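# Survey of secondary and tertiary structure
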Amino acid sequence: MLKVSNETKVGILTVVAITLLVLGFNLLKGKSLFSSDRTIYAVYKQVNGLQPANFVLVNGLKVGSVSDLDVMGNNAGKILVTLRLTKKNVRIPRNSVARITSDLLGTKAVQIDFGNSNEYLNDGDTIYAAVDGSITDALKEQLNPLAKKLETTLSAVDSVLLTVSALFDTTTKGNLRSAVAHLNHTMNSFSHTAASLNGMMDPNHGNVQATFNNLASITDNLKKNNDKITAILDNAEKTTGALANGKLDSSLLDLQQTVSNLNAMMAKLNSTDGSLGLLMNDRKVYNNLQSSLGSLNKLLEDLRVNPKRYVHFSLFGKKDKVKPIPSDTAVEVK
């Protein structure tokens, strides 16, 4: 019997282990070394966490898996996803779309939405690609308006709290405490007053009897002085009759006419129709009158200083020297 050395056994076991490891790794990635599966490609700008071995679904049915993801170009602007289809009887129209989706648990998958083309994809063809928004994105879209409203509400509440804090400063708080203290004192005063009134209105209290006695005394005094009150009312009636018979209306009409005449005279004085109006309102008339008065003053002053200029009388025919008047020789004091 042929003996197998230990080294040979170890080598065989090593080869078997490596083979099983490669097969298991490829199975985990969704690859099969002994099948004639079809391969199609899809190009995405982003894959939202898609991983190899994720399912490829058609209407919820698993028809394959993601085999590989690779970057196209140097800037990772496009990602090439290899899709391995294991169902041989599933034909995919050429205008179908491979859409990356996500379930509630966040598990990614490629959902193929069939088109209506009569031509079908072959092995190695490229399918149209699309990416659905995740549940997180949908929640963000729903929560963003709510967050904005909440932010606005919080800003309004903050403004209100700042206003209230500004109103209820130390001085305002002291004033409120003082107002409450005064109100408490006032209520106590009202309580004492009500108690006093209750005591006065008590039939068994002596104040009621005294009040009735005072009222009886007042009515008795009014009764005794009834004649005097009647005489006072008669005198008042005579006085009002005298005023009514004293032609008070005609006197008021005359006074009104006098006031109207005075208003008309003041209106004429304010206008430039009359002499007084011109003198009061026209500057030229005032200046001419002022100039005339100045000339008259100089004439009177010259007559006083040089009377012989106007009344000349001399036996020998000698003429006196004319003197200048003081106003012409006066020096203005600055």
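## Looking at the overall build of the protein chain
Helix and strand content of the protein chain: nine helices and seven strands. Per-residue burial for the protein chain yields a buried fraction of 15% across its 334 residues. For the protein chain, long-range pairs separated by at least 24 residues make up 54% of all intrachain contacts whose partners lie at least 6 apart in sequence.

## Quick look at the nonpolar core
One finds Tyr 44, Val 81, Leu 83, Ile 92, Val 110 and Ile 127 to be the most contacted residues of the largest nonpolar core, which totals 21 residues. Counting only elements with at least two residues in this core, the list comes to β1 (38-44), β2 (55-58), β3 (61-72), β4 (78-85), β5 (97-102) and β6 (108-113). Per-element tally for this core: the top contributor is β4, with four residues. Each residue touching Leu 83, except ones within four places of it in the same chain, is listed here: Arg 38, Thr 39, Ile 40, Val 56, Ser 65, Val 66, Ala 98 and Val 110.

## Focus on unusual backbone geometry
Of note, the phi angle at Asn 48 is positive, near 55 degrees, even though the residue is not glycine. Summarising the element assignment, Asn 48 is placed in the loop between β1 and β2. Note on Asn 48: relative accessible area 26%, which makes it partly exposed. Positive phi is not limited to glycine here, since Ala 53 has a value of about 80 degrees. Position of Ala 53 among the secondary structure elements: in the loop between β1 and β2.

## A few points about the packing of aromatic side chains
A full pass over the atoms with the stated rule returns zero aromatic pairs. The positively charged end of Arg 91 is found above the aromatic ring belonging to Tyr 120, 4.2 Å away from the centroid.

## Re the sheet that holds strand β7 (residues 126-131)
Here seven strands make up a closed barrel; going around it, the order is β1-β4-β3-β2-β6-β5-β7 and the pairing mixed. Going from strand to strand, the sheet's axes swing by 35 degrees on average, the running direction of each strand aside. Direction of pairing for β5 relative to β6: antiparallel, over a ladder of six bridges. Bridged to Ala 98 within β6 is Ile 112.

What counts, and at which threshold
Residues numbered from 1 in each chain as written. Predicted model: local features only at pLDDT ≥ 70, side-chain atom pairs only at ≥ 80, totals over all residues. Heavy atoms only, no water. Helix = DSSP H or I, 4+ residues; strand = E, 2+ residues; numbered from the N terminus. Buried < 20%, exposed > 50% of the residue type's maximum accessible area, 1.4 Å probe, protein only. Contact = heavy atoms within 4.5 Å. Core = buried A, V, L, I, M, F, W, Y, C linked by side-chain atoms within 4.5 Å. Phe/Tyr/Trp six-rings, centres within 6.5 Å; stacked < 30°, edge-to-face > 60°. Lys NZ or Arg CZ within 6 Å of the ring centre and 35° of its normal. Pairing = 2+ DSSP bridges. Axes fitted to C-alpha atoms, helices over the stretch in contact; angles between N-to-C directions.

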